[in-house]
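# Structure assessment
Chain residues, written in single-letter form:
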Amino acid sequence: MDFRKGKGRDDPEINLIPFIDVLLVIVIFLMVTTSYSKFTALQITLPTADADKAMQQPQEINVAVNPQGQYAVNNVQVSSKDAASLALDLKSAAQSGQSKGDPVVIINADAMATHQTVINVLEAARLAGFDKITFAAQTSGHK
């Protein structure tokens, strides 16, 4: 027996009203639970700079160290082997410069130079009274 024979088939329909009710409840819940806080900004006064004043460049003393432990101060090879004699060379290089103030010692050590030769340059700078020391490095792309 087929009971559906004389009856038309009803298409299924989706009732959207419960779906909209659920969405409205979610929106109301989110609005109630959201905190609207006002962010307070920190009031600061930034320093200003005068672009007309040129900053004086400090005197630079370049100390190169090769893998054999030889030193060159400002591209002039020196015969110093210990920190005390290298300190005298650093002082004479500082006196030959025209810039006033404490010079900056730039250490250009070869990658294969021994640790002790670099320490000698640091000790020589200390003995000479120079406290501004930096190391020069080369990026890996330049060889």
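Here, the structure is the one placed above.
Below: a short report on this structure. (Residues numbered from 1 in each chain as written. Predicted model: local features only at pLDDT ≥ 70, side-chain atom pairs only at ≥ 80, totals over all residues. Heavy atoms only, no water.)

## Examining the pattern of salt bridges
Counted under the stated rule, the structure contains 1 salt bridge. One salt bridge connects Arg-126 with Glu-123, and the closest N-O pair in it is separated by 2.4 Å. Taken together, the residues span about one helical turn, with Arg-126 and Glu-123 both in helix H3 (residues 115–128) at a distance of 3 residues. Judged by its relative accessible area of 30%, Glu-123 is partly exposed. (Salt bridge = Lys/Arg side-chain N within 4 Å of Asp/Glu carboxyl O. Helix = DSSP H or I, 4+ residues; strand = E, 2+ residues; numbered from the N terminus. Buried < 20%, exposed > 50% of the residue type's maximum accessible area, 1.4 Å probe, protein only.)

## Quick look at the pairing of strand E5 (residues 132–135)
Examined bridge by bridge, strand E4 (residues 104–109) and E5 share 4 bridges and lie parallel to one another. Counterpart to Val-105 in the pairing with E5 is Ile-133. A crossover connection joins E4 to the parallel E5 through H3; in handedness this β-α-β unit is right-handed. (Pairing = 2+ DSSP bridges. Right-handed = clockwise from strand over helix to strand, strands pointing away.)

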